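Here is how the chains run, residue by residue.
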Amino acid sequence: MANLTFNRIDTVIAETTIDSIKTNLRHINSQLPDYALTTGEKKSFRGMDVANKAFTEDCINLLRANGAETMPSYIKIENIISDLSLFNQLDELKLILKQIMNKVDAAQRIAGKEAYDTALQAYKLYETAAQCGVAGSTTAFEKLNERFKKNTGRKSDINLKKK
């Protein structure tokens, strides 16, 4: 059972703060290159892990040392360097964004759990009150019970008559 007296999150972010965050996120989004991958590309493109990055860096160093003499003209070191530089820049941003998303996900999950757990306890109390004949509780319970059955797929065992 949920401990209803322990509320880890008891706050609401001010609308001006939410608006500011959304504005800043939209600005950040507008500053980033606008690329998308097809489903096939997502499946087929190799990821850049530590080993692949080290390999690419070694290749750049070797191309700088003797690439002009050994590589065909269509292998452009500048393209490899700029692609790797962009990868590194985006990697830094990705780390910060992951930290932000972890905060948002955790706060949202805690807030959702606390809200639902308390609502579920109120629903159960309405159910008990309706069984005991407390005035007005049957209507509230029936309304919540309909929503509860739709959301959870559970059936109520209570067959209450309106009082």
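Below: a short report on this structure.

Conventions we followed
Residues numbered from 1 in each chain as written. Predicted model: local features only at pLDDT ≥ 70, side-chain atom pairs only at ≥ 80, totals over all residues. Heavy atoms only, no water. Helix = DSSP H or I, 4+ residues; strand = E, 2+ residues; numbered from the N terminus. Rg over C-alpha atoms; globule rule 2.2 N^0.38 Å. Buried < 20%, exposed > 50% of the residue type's maximum accessible area, 1.4 Å probe, protein only. Contact = heavy atoms within 4.5 Å. Salt bridge = Lys/Arg side-chain N within 4 Å of Asp/Glu carboxyl O. 1 Å grid on protein atoms, 1.4 Å probe; cavity = no way out; pocket = protein on both sides within 12 Å on 5 of 7 lines; lining within 4 Å. Points joined across faces, edges and corners; volume = space filled by probe spheres on them. Nonpolar A, V, L, I, M, F, W, Y, C, P; charged D, E, K, R; others polar. Bend = angle between axes of the 7 residues up to and from the residue. Polar contact = N/O pair within 3.5 Å; in protein donor to acceptor, adjacent residues only side chain to side chain.

### Quick notes on the overall build of the protein
- Within the protein, the secondary structure is distributed over 5 helices and 0 strands.
- Secondary structure elements of the protein occur, N-terminal to C-terminal, as α-α-α-α-α.
- Its C-alpha atoms give the protein a radius of gyration of 28 Å, more than 25% over the compact-globule value 15 Å for 163 residues.
- Judged by the C-alpha coordinates and their principal axes, the protein covers about 95 × 35 × 25 Å.
- Looking at the 163 residues of the protein, the share that counts as buried comes to 12%.
- Residue pairs at least 24 apart in sequence account for 51% of intrachain contacts in the protein once pairs closer than 6 positions are excluded.

### Regarding the pattern of salt bridges
- Taken as a whole, this structure holds 2 salt bridges when the rule is applied.
- With its nearest N and O atoms 2.4 Å apart, the salt bridge here joins Lys113 to Asp117. Residue Lys113 and its partner Asp117 are both found in helix H4 (residues 77-131); the two are separated by 4 residues, about one turn of the helix.
- Judged by relative accessible area, Lys113 falls into the partly exposed class, the value being 49%.

### Some words on the layout of surface pockets
- Counted as a void, the largest pocket has a volume near 1000 Å³.
- For the largest pocket, the lining is made up of 26 residues, of which Leu37, Phe45, Leu86, Phe87 and Leu90 are closest to its centre.
- Put simply, the parts of the chain that give the lining of the largest pocket at least two residues each are helix H2 (39-44), helix H3 (50-70) and H4.
- Considering every element that reaches the lining of the largest pocket, the biggest residue donor is H4, with 10 residues.
- The residue makeup of the lining of the largest pocket, split by class, is 16 nonpolar, 3 polar and 7 charged.
- Approximately 400 Å³ is the volume found for the second largest pocket.
- Along the walls of the second largest pocket sit 16 residues, with Ile21, Leu25, Ile100, Met101 and Val104 positioned nearest its centre.
- Of all the elements in the fold, those that place two or more residues in the lining of the second largest pocket are helix H1 (15-31) and H4.

### Some words on H3
- The largest bend in H3 is about 65 degrees, located at Arg64.
- Within the sequence span of H3, burial applies to Thr56, Ile60, Leu63 and Gly67.
- Contact partners of the buried residues in H3: H4.
- Measuring from the side-chain oxygen of the N-cap residue of H3 to the backbone nitrogen of Ala51 gives 3.2 Å; that N-cap residue is Asp49.

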